[in-house]
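# Secondary and tertiary structure notes
Read off the chains here:
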Amino acid sequence: TVYIGTQQWMAENLKTAKYNDGIDIPNVTDNTQWSNLTTGAFAYYNNDAANNAKYGKLYNGYAVSPTTNGNKNVCPTGWHVPTDAEWTVLTDYLGGESVAGGKMKEVGTTSWNSPNTDATNTSLFSALPGDNRSDYGNYSSIGRFGNWWSSTEDFTVNAWGRSLCNY
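Residues numbered from 1 in each chain as written. Predicted model: local features only at pLDDT ≥ 70, side-chain atom pairs only at ≥ 80, totals over all residues. Heavy atoms only, no water.

## Section: helix 4 (residues 84-93)
Rules: Classification of residues uses two cut-offs on accessible area relative to the type maximum, computed with a 1.4 Å probe and protein chains only: under 20% is buried, over 50% is exposed, and between them is partly exposed. In DSSP terms, a helix is any run of H or I states spanning at least four residues, a strand is any run of E spanning at least two, and both are numbered starting from the N terminus. For this quantity, the arc is that covered by the directions from the helix axis to the C-beta atoms. We call two residues in contact whenever any of their non-hydrogen atoms come within 4.5 Å of each other.
Here helix 4 has its buried residues at Trp-87, Leu-90 and Thr-91. The arc that holds the buried residues of helix 4, viewed along the axis, is 90 degrees, so those residues lie on one side. Away from the buried face of helix 4 by more than 90 degrees, exposed residues Ala-85, Asp-92 and Tyr-93 are located. Its buried side turned inward, helix 4 meets strand 1 (2-4), strand 2 (7-9), helix 5 (97-104), strand 5 (145-155) and strand 6 (158-165). Just past helix 4, the residue Gly-95 takes up positive phi, approximately 105 degrees.

## Notes on helix 5
Helical periodicity: at 3.6 residues per turn, an α-helix aligns residues three or four positions apart in one direction. For helix 5, every residue scored as buried is listed here: Ala-100, Gly-101, Gly-102 and Met-104. Buried residues along helix 5 sit against helix 4 and strand 6.

## Side note on the packing of aromatic side chains
Convention followed: Within 6.5 Å between ring centres, the rings of Phe, Tyr and Trp (the latter by its six-membered ring) count as paired, and their orientation is classed by plane angle as stacked under 30 degrees, edge-to-face over 60, tilted in between. Look at NZ for Lys and CZ for Arg. If either is within 6 Å of the ring centre and within 35 degrees of the ring normal, a charge sits over the ring.
Overall, the coordinates contain eight aromatic pairs when judged by the stated rule. For the ring pair Trp-9 and Phe-125, a centre distance of 5.9 Å and an interplane angle of 70 degrees mean the geometry is edge-to-face. Residue Trp-9 is found in strand 2, and its partner Phe-125 is found in the loop between helix 5 and strand 5; the two are separated by 116 residues along the sequence. The buried category is assigned to Trp-9, whose relative accessible area is 9%. The exposure class of Phe-125 is buried, given its relative accessible area of 7%. Seen from their ring centres, Phe-42 and Tyr-59 are 6.5 Å apart, and the 55 degrees between their planes marks the pair as tilted. Of this pair, Phe-42 sits in strand 3 (residues 42-43) while Tyr-59 sits in strand 4 (residues 58-59), placing them 17 residues apart in sequence. Across this residue pair, the class does not change: Phe-42 and Tyr-59 are buried. Taken together, the aromatic side chains of Trp-9, Trp-87, Phe-125 and Trp-148 make up a single cluster linked through ring pairs. Its guanidinium or amino end placed over the ring of Phe-42, Lys-57 lies 5.2 Å from that ring's centre, counting from NZ or CZ. The lysine or arginine in question, Lys-105, covers the ring of Trp-112, its NZ or CZ lying 5.2 Å from the ring centre.

Structure, rendered in structure tokens:
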């Protein structure tokens, strides 16, 4: 874990295939099935399990929303998906959204595509560009984007989140 201001954050991306009550989260590889889901699921970037070691799993919004997943928690016991307000506390502590991303990103271009603008990782958050899986099941930008959910719902089937990019 890493402490940033008064908050404690996980030091790596989530890699679980179970809710913290032990119930499995299904790995959905088919794009059509993914786009038609109304329940929680995860995927590995590009359906390649080798991406799990570095980037963790990609969860759909249903997996992280207590409203749509039966009030389950995708995080280990004692942890939770941060709220939008908790993300705001983090970015405010780091100087605001315009500079927080650079302070959160892993330095260099080993993981992030060039130019990895303003990356200093002074927060020790060590954000990686694991991208996401779109509502249609597509993958597109590993190395360019990192995306993190919040537990604050935007719509019934979606939640707020945060994204970082290489530029």
